[in-house]
Amino acid sequence: MGQSIFPTGVTNFNPSKTWSGYTLFNAKNEGTILIDMNGKVVHEWKDLQGFPNKMINGGKVFGSLRCRKSSDAYQDYADLTEIDWDGNIRWSFTHNEEVTDQGIGKTWVARVHHDYQLEGNPVGYFVPGQETKDDFKKVLLLTHHDRKIDSISPYPLLDHVLLEIDRDGNKLWSWSTLDHFNDFPLTDEQKNAIFKNPNFQSTSNEGDVFHINYASYLGPNKWFDQGDQRFKPNNILMGSREAMMSWIVDHDTGKIVWLLGPDFTKSFALRKLGPLVGMHNVHLIPKGLPGAGNILALNNGGWAGYGAPNQTSSTGMKTTRIDGSEVIEFNPITLEKKWSFSAKDMGYKAAAHANYFYSPLQGSVQRLPNGNTLIDEGAGGRFLEVTPSHEIVWEYIYPYIADHLIYRAYRIPYNWIPQLSHSAEVAVTPPANSAFHLPGAADPSLNPNNTVSVPGTYGYNKPSPVKNNN
């Protein structure tokens, strides 16, 4: 098919520096996958979808049995379901909205997408002392709802609604993004662009104005302990990929009490931090993990934002474009960047090499208990575990190129899966690129059979000779 050939699976593994465990992710056209540190698939829930998949102690995984057809809805999942190790359904939620789907007819669906959080854990990954129990009583869902609001746009709109339910599926609380449209600091130019093209999705004939792809509780944190009421543990951090904004919703009042974007030029701190384009998996690092209280995010880059038409956008949609991704950790009060990771930290210093770490779509980040960060470079299907000093101590590349786009990946503690005796960890030391080649290919290293010198050359990285005028 003309595709490039490169190593896949685990290409780098230093067991002495990783926070080892299993890694959970969803593979397109395959199912929910669990691999060990050497990349072996140790368990698969065939055809179980995940947007994303998450796991709780005991080897129980959450996902969806069905994604609705794109002609019926845009990125809608019919259910959120808990599955045990053997594939048995233990809990499921569908009763959010009754719809009529092609080939199915009238049916109840959850309309869940992109994120959800289970009682006991604010962010959906392992946090010491903050575990979801199997008898959880509350779930936070990010859901869709169809709207028609002519003051925003004449097109049908897709609303993003936070929904809390109890274990029996009863609705406890909800919050609509479009109901708060005028609470966001959008300029007249941005509102005009949205009115004309609210990120129109032709398959579902709706405008996905905000396209929200993350929502998590703040959880216990030092800012609230210090008296900052914006950071109450049950408040929710969420954000818009398309509008380049992140914000905190006060669970008690419904007000937006903290907001970042969409203008990253208003202060020196914002200019130094931003712009933040197309971000995914933005969350407050939970108490009990290194960096607790800072915000961790994958700043995808790519394209996002509304505004006046410019040289990269004839319509005023997707007005900001950046080639290259960056993981960022920053203080939510001062906006000071505390840690980051990009292609530069991999040794690619030139701006033209930013594409060596680049996921304009999808992806995730997880802070591990030893201070490392697990990164899902979603568009390329590559996972990296990186130390605070930017050393890559684990790398995995999903082998099926056509099915890259891994939405999220989570590192799972060994002791959460009593059904497995974890595999022996075998170090993987990657060769230098110049030493790696396929059988039959010539050695690509610069070791020519014949070399000649060229008179008058001065060599590389040497000062030019001083001209003698005497």
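Details of the structure are given in the entry above.
Let me sum up the structure you'll find in this document. Computed from a predicted model, the values in this text were never measured in an experiment. Every chain is numbered on its own, with residues counted from 1 as its sequence reads. Selection of residues for local features in this predicted model requires a pLDDT of at least 70, selection of side-chain atom pairs for listing and counting requires 80 or more, and totals for whole chains, interfaces and linings are taken over all residues. Calculated side-chain values reflect all of the structure's heavy atoms, with hydrogen atoms and water omitted.

1. A word on the pattern of salt bridges
The rule for a salt bridge is simple: a side-chain nitrogen of Lys or Arg has to be within 4 Å of a carboxyl oxygen of Asp or Glu. Throughout the structure, instances matching the rule amount to 29 salt bridges. In this structure, Arg66 and Asp101 form a salt bridge, with 3.1 Å as the shortest nitrogen-oxygen distance. Pair noted here: Arg66 is in the loop between strand E6 (60–64) and strand E7 (80–83) and Asp101 is in strand E9 (residues 97–101), with a separation of 35 residues, a long-range link. Under the scheme applied here, a residue whose accessible area is under 20% of the maximum for its type counts as buried, over 50% as exposed, and between as partly exposed, the area being computed with a 1.4 Å probe on protein chains only. For Arg66, a relative accessible area of 22% translates into the label partly exposed. Accessibility expressed as a relative area gives 2% for Asp101, which makes it buried. Salt-bridge contacts for Glu329 lead to Arg367; the nearest nitrogen and oxygen are separated by 2.9 Å. For helices the rule is a DSSP run of H or I covering at least 4 residues; for strands it is a run of E covering at least 2, with both sets numbered from the N terminus onward.

2. Some details on the pairing of strand E28 (residues 373–377)
Across a regular strand the side chains alternate sides, sitting on one face of the sheet and then on the other. For E28, the tally of buried residues reaches five of five residues, placing the bulk of the element in the interior. Side chains of E28 alternate between two faces, with Thr373, Ile375 and Glu377 and Leu374 and Asp376 buried alike. Here strand E27 (residues 364–367) pairs with E28 via four bridges, running antiparallel. Its bridge partner lying in E28, Arg367 is registered against Thr373. A pair of strands is considered paired only if DSSP assigns at least 2 bridges between the two. Hairpin connection, E27 to E28: the antiparallel pair is bridged by five residues, and Gly371 has positive phi, about 95°. Inspection of the sheet shows E28 paired to strand E29 (residues 382–386) by five bridges, in the antiparallel sense. Bridge pairing in E29 links Ile375 to Leu384.

3. A few points about helix H1 (residues 188–196)
For H1, the complete set of buried residues consists of Gln190, Ala193 and Ile194. The buried residues of H1 occupy one face: seen down the axis, they fall within an arc of 100°. Away from the buried face of H1 by more than 90 degrees, exposed residues Asp188, Glu189 and Lys196 are located. Directions are taken from the helix axis to each C-beta atom, and the arc is the one they span.

4. Details of the pairing of strand E31 (residues 409–412)
Burial along E31 is two-sided: the face carrying Ala409 and Arg411 and the face carrying Tyr410 and Ile412 are both buried. Sheet topology places strand E2 (residues 22–27) next to E31; four bridges connect them, and they run antiparallel. Looking at E31, one finds that Tyr22 is bridged to Ile412.

5. Things to note about the environment of Tyr398
Assignment of secondary structure puts Tyr398 in the loop between strand E30 (392–397) and E31. Placed 391 residues apart in sequence, Tyr398 and Pro7 show a C-alpha to C-alpha distance of 9.7 Å.

6. Considerations on the environment of Tyr116
By the element assignment, Tyr116 lies in strand E11 (residues 112–118). On the basis of relative accessibility, which here comes to 3%, the residue Tyr116 falls in the buried class. Considered as a pair, Tyr116 and Ser176 are 60 residues apart in the sequence and their alpha carbons are 15 Å apart. In this description, contact between two residues means that some pair of their heavy atoms is separated by no more than 4.5 Å. Setting aside residues no more than four positions away along its own chain, Tyr116 makes contact with Pro52, Asn53, Lys54, Phe62, Gly63, Leu80, Leu140 and Leu141.

7. Examining the environment of Gln419
Here Gln419 lies in the segment after E31. Considering only alpha carbons, one finds Gln419 and Gly59, 360 residues apart in sequence, at a separation of 7.5 Å. Looking at Gln419, its side chain comes within polar contact range of the main-chain oxygen of Gly58, at 3.0 Å. Polar contacts, as counted here, are pairs of nitrogen or oxygen atoms within 3.5 Å of one another; within protein the pair requires one atom able to donate a hydrogen and one able to accept it, and residues that are adjacent in sequence qualify only if both atoms are side-chain atoms.

8. Some words on the packing of aromatic side chains
Aromatic rings in a pair are described by how distant their centres are and how their planes are angled relative to each other. Think of it this way: a Phe, Tyr or Trp ring, Trp meaning its six-membered ring, pairs with another when their centres are within 6.5 Å, and the plane angle makes it stacked under 30 degrees, edge-to-face over 60, tilted otherwise. One pass over the full model with this rule turns up 22 aromatic pairs. With centroids separated by 5.9 Å and ring planes inclined at 80°, the aromatic side chains of Phe25 and Tyr398 adopt a geometry described as edge-to-face. With Phe25 in strand E2 and Tyr398 in the loop between E30 and E31, this pair connects stretches of sequence that are 373 residues apart. Since its relative accessible area comes to 7%, Tyr398 is described here as buried.

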